[in-house]
Amino acid sequence: MSPDTLLQVEDLAKRFVCHMQGGKEILGFEGVSFRVRQGTALALTGPSGAGKSSVLKCIYRSYLPVRGRIRYRPAEGGEIDLARASETEVLRIRRGEIGYVTQFLSVVPRVPAVDVVAEPLATGGVSLAEARRSARALLERLGIERTLWEAYPVTFSGGEKQRVNFARAVIRPPRLLLLDEPTASLDRRAMTVVIELLAEMKSRGTTMIAVFHENSPLDALMDERYRLPAKESPS
Amino acid sequence: MTPILSVRGLTQRYGTGCRECLSLTGARRESNRCPRCGSIVACREVSFDLFPGEVLGIVGESGSGKSTVVRLLHFDEEPLAGDYRLAVADAAGTGGGNLFALSPFARRRIRNEHMGIVYQNPRLGLRMKVSAGGNIAERLLLAGWRHVGRIRERASALLQQTEVPLPRMDEPPRNFSGGMQQRVQIAKALSTRPAVLLLDEVTTGLDVSVQAKVLDLIRSLQRELGIAMLVVSHDLGVIRLLTSRTIVMRHGEIIEEGLSDQILEDPQQPYTQLLVNSVL
């Protein structure tokens, strides 16, 4: 890996075997290879169903790839293969360095929005009061109504949930940020703030890999694009 | 990182046993019952590490051996085989060796001072006719506490932390609801500030709303105390809420392990896929 590379994906493939359907195989993607330089942003492109989100999930290890390597350079130096590193190792890197924003809210139930957002800071050693202050400031900036801060996000609208998700992922700017359609259900105003926040993070060195629809304003932040290889038509 | 708890080759068998028990049972044979002698191989060759501050889940159906693993780790019974180590500062006299090789006395000491357990059935963890405060005091006494005032202070602090109304401290748990009995068990288990907390199906059988409260309590205590936990459950909702890594057991064997979100989103084994797809 060249010294300015943060992440290098080599010949990655994901296949799902559905044992409940007689071992039917579904191809997620294959032959995926790209690299991301430190502090830059890469867009994953390709038609719907090409496996873009699955690539992000493999990098985050929510999916187990069946082939290939995900070479990552941690803050402390050296190199680890996120496809094969031990779970404990992956958890450590996740907590300290990798953020992941999806279009779906995946937070713990019965926790108020402000605490959902504050949590990554609080577990990172900041006092709870201070973490909550930062969380409120971020929610404010993202245009979440003050009255919702102490409410449970389960009841929020799609756009509100997405902003809470986003706030949680960026409150402690990660080294690597994985973005899966982070603006899918946002109005123009919220979208503008999200783009601003991303631009700020990027200027401070956060590396990004993003999946988004065509014509998204996210495109302006991207330095490079990687198009996923076409899948062979099913035989 | 050094694990706080580490177990290798943990095996348990109930019954007279024969030479073929182990080769004729297990996940591949789809049974834990030996067809020759009828013995049950409750768990076999179970190995894993629990790291400081980590919450590890063990999921599986009834009969998968997950509760047997917990009972063995708590020295509630003798294993057929296995190596068990705890990295605690003053595990006096253990010499860092296999805990299963220690005398019953030394094992009891380790259990009283360094381990806490919460059972599905509160009757196993509490004396139902002794007051809630008395239950906690008893455990503190076993761990060497002597000062009555301090014991009482600790007990009331714990009951407060686990949201048991203090006026009920002197009432016996048999007067309590199921959810409150679990909270007293949790207070008791935490009283000695154990290095490891074992939770065996702690919300099974409770009403859903009560389940949620007990789980939220466990979550907040974990965050506050940073205690390492082993969470055994058949319920993937519990696993999702509490754990970061998960082990899947079937017919006494570990068949799959991974990050909890990976187990839930991309299960590999047929049984795990069935489990994940069976969630209502």
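Refer to the structure printed above.
Each chain has its residues counted from 1, following the order in which its sequence is written. As a convention, the first chain written is A and the first ligand written is 1, with the rest following in written order. Given that this is a predicted model, residues contribute local features only at a pLDDT of at least 70 and side-chain atom pairs are listed and counted only at 80 or more, while totals for whole chains, interfaces and linings are drawn from all residues. Side-chain metrics rest on all non-hydrogen atoms present in the structure, leaving aside hydrogens and water.

Trainee: Help me understand the interface of chain B and chain A, please; the structure alone is not making it clear to me.
Mentor: Contacts between residues were defined by any pair of non-hydrogen atoms, one from each residue, lying within 4.5 Å. Counting from both sides, the interface comprises 22 residues of chain B and, opposite them, 22 residues of chain A. Once two parts are put together, the accessible area they lose, assessed with a 1.4 Å probe and summed over both, is termed the buried area. A combined buried area of about 1,900 Å² lies between chain B and chain A, and 55% of that area is made up of carbon and sulfur atoms. Summed over the three residues of chain B that lose the most area to chain A, namely L259, E265 and D266 of chain B, the buried surface amounts to 27% of that side. The term salt bridge refers to a pairing of a side-chain nitrogen on Lys or Arg with a carboxyl oxygen on Asp or Glu at a separation within 4 Å. Applying the counting rule to chain B against chain A returns five salt bridges. Elements with a minimum of two residues in the side of chain B that touches chain A: α7 (208-225), β9 (253-259), α9 (260-265) and α10 (270-277) of chain B. Helix and strand definitions here come from DSSP, where helices need a minimum of 4 consecutive H or I residues and strands a minimum of 2 consecutive E residues; each element is numbered from the N-terminal end.

Trainee: Would you explain the packing of helix α4 (residues 132-142) of chain B against helix α6 (residues 178-190) of chain B in this entry?
Mentor: Angle between the axes and distance between the axes are the two parameters that describe a pair of packed helices. Residue and element names in this part refer to chain B. Their axes nearest at 9 Å, the elements α4 and α6 cross at an angle of 25 degrees. Classified by the angle between their axes, α4 and α6 sit roughly parallel to one another. In this structure, the crossing between α4 and α6 has a hand that is right-handed. Where α4 abuts α6, its residues A132, N135, I136, E138 and R139 lie against V184, A187, K188 and A189. Looking at the contact of α4 with α6 residue by residue, the class counts come to five nonpolar, one polar and three charged. Each axis is a line fitted through C-alpha atoms, taken for helices only over the stretch in contact, and angles between the N-to-C directions span 0 to 180 degrees. Each angle gets one of four labels, with under 35 degrees taken as roughly parallel, over 145 as roughly antiparallel, 65 to 115 as roughly perpendicular, and the rest as oblique. Two helices crossing with the near one rotated counterclockwise from the far one by less than a right angle form a left-handed crossing, whereas a clockwise rotation gives a right-handed crossing. As a working rule, the residues Ala, Val, Leu, Ile, Met, Phe, Trp, Tyr, Cys and Pro are called nonpolar, Asp, Glu, Lys and Arg charged, and the rest polar, with Gly in that last group.

Trainee: What should I look at first to understand the pairing of strand β8 (residues 207-211) of chain A in this one?
Mentor: Regular strands have side chains that alternate between both faces of the sheet. Residues and elements named next belong to chain A. Between buried and exposed lies partly exposed: a residue is buried under 20% and exposed over 50% of the maximum accessible area for its type, with that area taken using a 1.4 Å probe on protein chains only. Within β8, five of the five residues are buried, leaving the element largely enclosed by the surrounding structure. Burial of β8 is two-sided: the residues T207, I209 and V211 facing one way and the residues M208 and A210 facing the other way are all buried. A strand pair is defined by DSSP finding two or more bridges across the two strands. One ladder, built from three bridges, connects strand β3 (residues 41-45) with β8; its direction is parallel. In the strand pairing of β8, L42 is matched with I209. With five bridges connecting them, strand β7 (residues 176-180) and β8 associate as parallel partners. Pairing of L179 across the sheet is with A210, part of β8. Every crossover in which the path from the first strand over the helix to the second runs clockwise, viewed with the strands pointing away from the viewer, is termed right-handed. Taken together, β7, helix α6 (residues 188-203) and β8 constitute a β-α-β crossover, and its handedness is right-handed.

Trainee: Looking at this structure, how should I read the nonpolar core?
Mentor: In a soluble, globular protein the nonpolar side chains are often hidden away together inside. All names here are of chain A. Residues V117, L138, L142, F166, L177, L179 and L198 are the most contacted members of the largest nonpolar core, which totals 42 residues. Elements with a minimum of two residues in this core: β3, α3 (113-123), α4 (128-141), α5 (158-170), β7, α6 and β8. Take this core: its biggest share by element is eight residues, from α6. Residues belong to a common nonpolar core when they are buried Ala, Val, Leu, Ile, Met, Phe, Trp, Tyr or Cys residues joined through side-chain atoms within 4.5 Å.

Trainee: Can you help me understand the sheet that holds strand β2 (residues 24-37) of chain A in this one?
Mentor: Residue and element names in this part refer to chain A. Strand order in the open sheet made by the four strands is β2-β1-β4-β5, with antiparallel pairing throughout. Every interior strand has two partners, whereas the edge strands, β2 and β5 (80-81), have only one. Bridge analysis of strand β1 (residues 5-18) against β2 gives 10 bridges, and the strand direction is antiparallel. Bridge pairing links V17 to E25 in β2.

Trainee: How do you make sense of α3 of chain A when you look at a structure like this?
Mentor: It helps to recall that an α-helix has 3.6 residues per turn; residues three or four apart then point in one direction. All names here are of chain A. Of all the 11 residues making up α3, nine are buried; the element is thus mostly covered by neighbouring parts of the structure. Buried within α3 are the following residues: A113, V114, D115, V116, V117, A118, E119, P120 and L121. G125, located one to two residues past α3, shows a positive phi value of around 110 degrees.

Trainee: What should I look at first to understand the packing of aromatic side chains in this one?
Mentor: Where two aromatic rings form a pair, the distance of their centres and the angle of their planes describe that pair. Geometry of aromatic contacts follows a simple scheme: Phe, Tyr and Trp rings, the Trp one being its six-membered ring, pair when their centres are within 6.5 Å, and the pair is stacked under 30 degrees between planes, edge-to-face over 60, tilted otherwise. Applying the stated criterion across every chain yields a total of six aromatic pairs over all chains. With a centroid separation of 5.2 Å and an interplanar angle of 45 degrees, the aromatic rings of F34 of chain A and Y226 of chain A are classed as tilted. One end of the pair, F34 of chain A, is in strand β2; the other, Y226 of chain A, is in strand β9 (residues 224-227), with 192 residues separating them in the sequence. Residue F34 of chain A shares its accessibility class with Y226 of chain A, and that shared class is buried. Residues F75 of chain B and F100 of chain B carry aromatic rings whose centres are separated by 6.2 Å and whose planes lie at 85 degrees to one another, so their mutual orientation is edge-to-face. Here F75 of chain B is found in the loop between α1 (66-73) and β4 (81-86), whereas its partner F100 of chain B is found in the loop between β4 and α2 (104-114), with 25 residues between them in sequence. Neither residue differs from the other here; F75 of chain B and F100 of chain B are each classed as buried. Aromatic ring contacts, followed pair by pair, group F75, Y84 and F100 of chain B into a single cluster. By definition, being over a ring means that NZ of Lys or CZ of Arg is both within 6 Å of the ring centre and within 35 degrees of the ring normal. One Lys or Arg, K14 of chain A, reaches over the ring of F16 of chain A and ends 4.7 Å from the middle of that ring. Across the ring face of Y60 of chain A, the terminal group of R94 of chain A is positioned such that the distance to the ring centre comes to 3.9 Å.

Coordinates in, geometry out; function isn't part of it.
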